[in-house]
Amino acid sequence: MKLYYSPGSCGLASQIALREAGQKFDLVAVDFKTKTTVEGDYLKVTPKGFVPALKLDDGDLLTEGAVILQWIADKNQDANLLPAFGTRERYTALEWLNFVASDLHKSMAVLFSPFVDPESKAKFADGNLTSKFEYIDEHLSKNDYVLGGRFSVADAYLYNVLSWPGRVNVDISGYASIGKFMARMEQRPSVQDALKAEGLR
Ligand SMILES: N[C@@H](CCC(=O)N[C@@H](CS)C(=O)NCC(=O)O)C(=O)O
C-alpha cells in the first residue's frame, strides 16, 4: 500500500489512521508545483492532482481524505477507529468528517491560495473561520476527542487541519480547548511517528 502525500498537508490524517490501524505502507511525496513524484507524473496516478491518494496492493486507487479515513477504519475494525455501522455514534463521526472536509478544510485552503490577496485572507479568516473555531473549541471543552472519550479517525482529520492556522498567520492560541486537544493528540505515537515521517518534527 502506498500513501501519496505532501508534508503537512491533508494527507497527514490518513497517515495517522494507517499507523493507528497498524497497517504497513510506503509514503510517496508529491511536488504540488510540478505534480510529480519520484515515480514520475502524479497526474497519471490521479488526474485530480490532489493528495491524499491511497494506492492499494491490487493497484486500485482511493482518493478523498474523508473517504480514505473511513476505508482504513472499516478495513481494520479491530483498531476501533470508527463506531459500528448503523449506530448513532457512527453518524456523529461522519458528521464531523464531513464538517472538517467541507467547511473547515476548504475554508482554511483559501488562506493558502495564491489567488487571494493578504487583506482578503485576513477578512475571510475573521468572517468565516472564527465561528468555526469557536464551535470546535466549545465542543472540545466538554470532550477530550470529537466523539467524547474515544479516539476516532475524525480526530486525525481535525488535528491535521487545526495544525494549519499558524502557517497562515491565524492565531488560535486563545482557544484553550483546541490547544489541549492538539497537545493530547501529540501524545499519541501515531501522530508523533507521522509528523516525524513527514519531516515535521
Ligand atoms: N477533495 C480532496 C481535496 C484534497 C486537497 O485539497 N488536497 C490539497 C492538499 S491539503 C492538495 O492536494 N493540493 C494540491 C495543490 O494545491 O496543488 C480531499 O478531501 O481529499
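Residues numbered from 1 in each chain as written. Predicted model: local features only at pLDDT ≥ 70, side-chain atom pairs only at ≥ 80, totals over all residues.

**Considering the overall build of the protein chain**
To keep things clear, this is the line we draw: Each helix is a run of DSSP H or I of at least 4 residues and each strand a run of E of at least 2, with the numbering of both proceeding from the N terminus. Just to be clear, the radius of gyration here is over C-alpha atoms, and the globule rule we use is 2.2 Å times residues to the power 0.38. Labels follow a simple rule on C-beta atoms placed from the backbone: if 20 or more others lie within 10 Å of a residue's own, it is buried; if 12 or fewer, it is exposed; otherwise it is partly exposed. Residues are defined as contacting one another if the C-beta atoms placed from their backbone atoms lie within 7 Å.
Looking only at helices and strands, one finds eight helices and six strands in the protein chain. The secondary structure elements of the protein chain, listed N-terminal to C-terminal, are β-α-β-β-β-α-β-β-α-α-α-α-α-α. Relative to the compact-globule value of 17 Å for 201 residues, the protein chain shows a C-alpha radius of gyration of 17 Å, a close match. Along the three orthogonal principal directions, the C-alpha set of the protein chain runs to about 45 × 45 × 30 Å. Across the 201 residues that make up the protein chain, the buried fraction comes to 29%. By sequence separation, contacts in the protein chain at least 24 residues apart represent 63% of the contacts at least 6 residues apart.

**Concerning the nonpolar core**
Heads up, the condition is: Under the definition applied here, buried Ala, Val, Leu, Ile, Met, Phe, Trp, Tyr and Cys residues are grouped into a nonpolar core through C-beta atoms within 7 Å. As used throughout, domain bounds are those supplied by an automatic or database domain assignment.
Counting residues in each nonpolar core, the largest one holds 47 residues, and the members touching the most others are Ala17, Leu69, Val153, Ala154 and Tyr157. With eight residues, helix 6 (residues 153-162) is the single largest residue contributor to this core. Looking at which domains feed residues into this core, each of domain 1 (2-80 + 190-197) and domain 2 (88-188) supplies at least three. Leaving out residues up to four positions away in the same chain, leucine 69 has contacts with Ala13, Ser14, Ala17, Leu97, Val153, Ala156 and Tyr157.

**Side note on the sheet that holds strand 1 (residues 2-5)**
The cut-off we apply is this: Criterion used throughout: strands pair if DSSP finds at least two bridges between them. In this analysis an axis means a line fitted to C-alpha atoms, helices contributing only their contacting stretch, and an angle means the value between N-to-C directions, from 0 to 180 degrees.
Taken together, the four strands give an open sheet; going across it, the order is 2-1-5-6, and neighbouring strands pair in mixed fashion. The open sheet terminates on both sides in strands that have one partner only, identified here as strand 2 (26-29) and strand 6 (61-63). With direction set aside, neighbouring strand axes in the sheet form an average angle of 20°. Note: strand 1 against strand 2, four bridges, orientation parallel.

**Considering the packing of helix 1 (residues 12-21) against helix 6**
The axes of two packed helices give the description: the angle between them and the distance between them. Inclusion rule: Crossing handedness is defined as follows: a turn of the near helix away from the far one that is anticlockwise and smaller than a right angle gives a left-handed crossing, while the clockwise case is right-handed. Amino acid classes used here: Ala, Val, Leu, Ile, Met, Phe, Trp, Tyr, Cys and Pro are nonpolar; Asp, Glu, Lys and Arg are charged; the rest, including Gly, are polar.
Two elements in contact, helix 1 and helix 6, have axes whose closest approach is 8 Å; the angle formed by their N-to-C orientations is 145°. As for the relative orientation of helix 1 and helix 6, their crossing is right-handed in sense. Between helix 1 and helix 6, the residues in contact are Leu12, Ala13, Ile16 and Ala17 and Val153, Ala156, Tyr157 and Asn160, respectively. Split by residue class, the contact of helix 1 with helix 6 holds seven nonpolar, one polar and no charged.

**Remarks on the domain arrangement of the protein chain**
If you check the domain split of the protein chain, you get domain 1 (2-80 + 190-197) and domain 2 (88-188). Computed from C-alpha coordinates alone, the two centres of domain 1 and domain 2 are separated by 20 Å. Between domain 1 and domain 2, the contact holds 13 residues from the first and twelve residues from the second. Elements supplying a minimum of two residues to the side of domain 1 that touches domain 2: helix 1, helix 3 (65-75) and helix 8 (189-197). The biggest single contributor to the side of domain 1 that touches domain 2 is helix 3, with five residues.

**What to know about unusual backbone geometry**
With an omega of 0°, the peptide bond between valine 51 and proline 52 qualifies as cis. Here proline 52 lies in the loop between helix 2 (42-45) and strand 5 (53-55). Residue lysine 35 is not a glycine yet carries a positive backbone phi of 55°. Here lysine 35 is to be found in the loop between strand 2 and strand 3 (36-37). A residue is classified by how many C-beta atoms lie within 10 Å of it, and lysine 35, with 15 of them, is partly exposed.

**What to know about the site of the ligand**
Applicable threshold: Nearness rests on one distance test: the residue's C-beta atom, set from the backbone, must lie within 6 Å of the molecule or strand.
Close to the ligand lie Ser9, Cys10, Phe32, Gly49, Phe50, Val51, Pro52, Glu64, Gly65, Ala66, Ala101 and Ala109, which account for all nearby residues. Those elements giving two or more residues to the shell around the ligand turn out to be helix 3 and helix 4 (88-110). Split into classes, the residues belonging to the shell around the ligand amount to eight nonpolar, three polar and one charged.

**Remarks on helix 3**
Those residues of helix 3 not exposed but buried are Gly65, Ala66, Ile68, Leu69, Gln70, Ile72 and Ala73. Along its buried surface, helix 3 packs onto helix 1, strand 5, strand 6, helix 4 and helix 6.

**Focus on the packing of helix 4 against helix 5 (residues 118-142)**
Rules: Note on angle classes: values under 35 degrees are labelled roughly parallel, values over 145 roughly antiparallel, values of 65 to 115 roughly perpendicular, and the remainder oblique.
Close contact between helix 4 and helix 5 brings their axes to 10 Å; oriented N to C, the two are set at 165°. The angle between helix 4 and helix 5 places the two elements in the roughly antiparallel class. Read as a crossing pair, helix 4 and helix 5 show a hand that is left-handed. Listed contacts from helix 5 to Asp103, Leu104, Ser107 and Val110 of helix 4 are Lys121, Phe124, Asn128, Leu129 and Lys132. Its residues assigned to classes, the contact of helix 4 with helix 5 comprises four nonpolar, two polar and three charged.

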